[in-house]
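Here is what each chain is made of, one letter per residue.
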Amino acid sequence: MSLKVVLVAGARPNFMKLAPLWLEMNRLSSAFEPIILHTGQHYDYEMSKVFFEDLELPEPKYFLGVGSGTHAEQTGKTMIEFDRVIENEDPDLVVVFGDVNSTLACSVTAKKLLIPVAHVEAGLRSFDMTMPEEINRKITDAISDILFTPSKDGDENLIREGIDKNKICFVGNIMIDSLIAILKSIDQSYEDKIFHKFGIQKTNYVLVTLHRPSNVDDRNNLLRIMDFLNTLSSKIPVIFPVHPRTKKMMNGFDTSLDQNEAFKIVEPLRYKEFITLEKYPKFALTDSGGIQEETTYLNVPCLTLRPNTERPITITQGTNELVSLGSVKEKADLILKGSCKQGSPLELWDGKTSHRIIEIFTKWSLRK
Ligand code: UD1
């Protein structure tokens, strides 16, 4: 009998974590019956569908269409809809990824219906309870049956919180599986096409992504960020694919979107395009979790505009540095002068995380 597994995705960073596992389970179809469920937390074409295309994923079997709203609305709607799916499918296992509202909503719903839950990317902690993601992570980890950690600090955090260590499996970073796969598909002519499309020169630009509420929901902060980027673009071209949340705030605060030629504000990019641009910048400026990890893997300097990170290994062993609005200019100037951090390869960030997870699921299903 094959193991019926519902794989839950909701927001953009979930798709590249789900893909390697689905591909592997689909290959082993006598042992697994994987079902993709998309909650619809992210729904714009550039935030969702193009990722399924680039990651070679099929259409989800279930699309819950929950959309945006307050945290309570989004979480509540997801729970109501997911409850029906669980009743309908009666799966052996639900797998959730990362730390978004869909992760929390579906893990809680499944557990209350007595369905085992596995959490991929468990154990990360920013120790900042003002971040919705930290709440999502802690609750999901507290109730999950199998916790897959991307780095050893994740194991330590979980053990400190009293999680049974037999539930914790250090498997490495599954996002790197997708990164390695997409890198293989990017050749010289694709790169030339992308750099031509955006009118920038390889190795001479800065890549920016910012969407955290703490950076973009406050008018003053957002204006200071835009001002900094505008000034930076007089030294080096800046490309800024704008997340819908940031765009909404920019429009609401009446921040002009039309900047100078060297300050390129563009729509969210598809996965393959973004990774191409992530390979060669002088540095990336971000507040995203995934980009801190990808730049570490790619050995690209990364400045993270946050007071903390749930991914400290990208600082201690990688290319990442935390900056504030007060320090970002100085750090950026240092990198532009050639002084930047070098990273080292991270343990089990090797493209084989999905294999390790599958092996663990196989053993787990035999024990059941
Ligand atoms: C969510 C995750 C965050 C993750 C980010 C990646 C939570 C709490 N946050 O934040 O951890 O880093 O995704 O992108 O789960 N919108 C659109 N189109 C879309 C999606 C959103 O226009 O397809 C707009 C809506 O106006 C919405 C806003 O963006 O209100 C924010 O979306 P939401 O899903 O609430 O949170 P994110 O900021 O995207």
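Here the structure is shown first, and the text comes after it.
Residues numbered from 1 in each chain as written. Predicted model: local features only at pLDDT ≥ 70, side-chain atom pairs only at ≥ 80, totals over all residues. Heavy atoms only, no water.

**Some details on the layout of surface pockets**
- Volume-wise, the largest pocket comes out at about 1200 Å³.
- Looking at the largest pocket, it is lined by 48 residues, and the ones nearest its centre are H42, M47, H211, H243 and R245.
- Taken together, the elements giving at least two residues each to the lining of the largest pocket come down to α1 (12–27), α3 (71–89), α5 (132–143), α11 (244–252), α12 (271–278) and α13 (289–298).
- Partitioning the lining of the largest pocket into residue classes produces 21 nonpolar, 17 polar and 10 charged.
- One number sums up the size of the second largest pocket: a volume of about 280 Å³.
- Taken together, 17 residues form the lining of the second largest pocket, with L23, L55, S178, A181 and I182 sitting closest to its centre.
- Looking at the lining of the second largest pocket, the elements with two or more residues in it are α1, α7 (174–184), α12 and α16 (353–367).
- In terms of residue class, the lining of the second largest pocket is made up of seven nonpolar, five polar and five charged. (1 Å grid on protein atoms, 1.4 Å probe; cavity = no way out; pocket = protein on both sides within 12 Å on 5 of 7 lines; lining within 4 Å. Points joined across faces, edges and corners; volume = space filled by probe spheres on them. Helix = DSSP H or I, 4+ residues; strand = E, 2+ residues; numbered from the N terminus. Nonpolar A, V, L, I, M, F, W, Y, C, P; charged D, E, K, R; others polar.)

**Re the sheet that holds strand β8 (residues 206–209)**
- Judged by pairing direction, the sheet is parallel, and its six strands sit side by side in the order β10-β9-β8-β11-β12-β13 without closing on themselves. Edge strands, defined here as strands with exactly one partner in the open sheet, are β10 (263–266) and β13 (320–323). Sheet twist, expressed as the average angle between the axes of neighbouring strands with direction ignored, equals 20 degrees.
- Contacts from α12 reach β8 and β9 (238–241) within the one sheet, and its direction differs from that of β8 by about 135 degrees. (Pairing = 2+ DSSP bridges. Axes fitted to C-alpha atoms, helices over the stretch in contact; angles between N-to-C directions. Contact = heavy atoms within 4.5 Å.)

**Digging into the sheet that holds strand β7 (residues 168–170)**
- Reading across the sheet, the seven strands line up as β3-β2-β1-β4-β5-β6-β7 and stay open at both edges, with parallel pairing between neighbours. Each having just a single partner strand, β3 (62–63) and β7 make up the two edges of the open sheet.
- Relative to strand β6 (residues 146–149), strand β5 (residues 117–120) is paired through three bridges, and the arrangement is parallel. Each bridged residue has a counterpart across the sheet, and for A118 the counterpart in β6 is I146.

**A look at the packing of aromatic side chains**
- A complete count under the given rule lists six aromatic pairs for this structure.
- Here F15 and F51 contribute two aromatic rings whose centre-to-centre distance is 6.4 Å and whose plane-to-plane angle is 45 degrees, an arrangement assigned as tilted. Here F15, found in helix α1, pairs with F51, found in helix α2 (residues 49–54); they are 36 residues apart in sequence, far enough to count as distant.
- Under the relative-accessibility criterion, F15 is labelled buried at 0%.
- Members of the aromatic cluster, joined through ring pairs, are F15, F51, F52 and Y271.
- The positively charged end of K272 is found above the aromatic ring belonging to Y190, 4.5 Å away from the centroid. (Phe/Tyr/Trp six-rings, centres within 6.5 Å; stacked < 30°, edge-to-face > 60°. Buried < 20%, exposed > 50% of the residue type's maximum accessible area, 1.4 Å probe, protein only. Lys NZ or Arg CZ within 6 Å of the ring centre and 35° of its normal.)

**Section: the environment of V95**
- With respect to the helices and strands, the residue V95 is situated in strand β4 (residues 93–97).
- Under the relative-accessibility criterion, V95 is labelled buried at 0%.
- C-alpha of V95 to C-alpha of W22: the two residues are 73 residues apart in sequence and 11 Å apart in space.
- In this structure, V95 is in contact with V5, V6, L7, V8, L21, A118, V120 and F361, ignoring residues within four places of it in sequence.

**Some remarks on the site of the ligand**
- Inspection of the region around the ligand gives 21 residues, with H42, Y43, D44, N101 and E133 positioned closest.
- Contacts to the ligand include H42, whose side-chain N or O atom sits 2.7 Å from an oxygen atom.
- The side chain of H211 places a nitrogen or oxygen atom 2.9 Å from an oxygen atom of the ligand.
- Bound to the protein, the ligand loses 89% of the 750 Å² it would expose on its own. (Near = heavy atom within 4 Å. Polar contact = N/O pair within 3.5 Å; in protein donor to acceptor, adjacent residues only side chain to side chain. Areas by Shrake-Rupley, 256 points an atom, 1.4 Å probe, with all protein chains shown as cover.)

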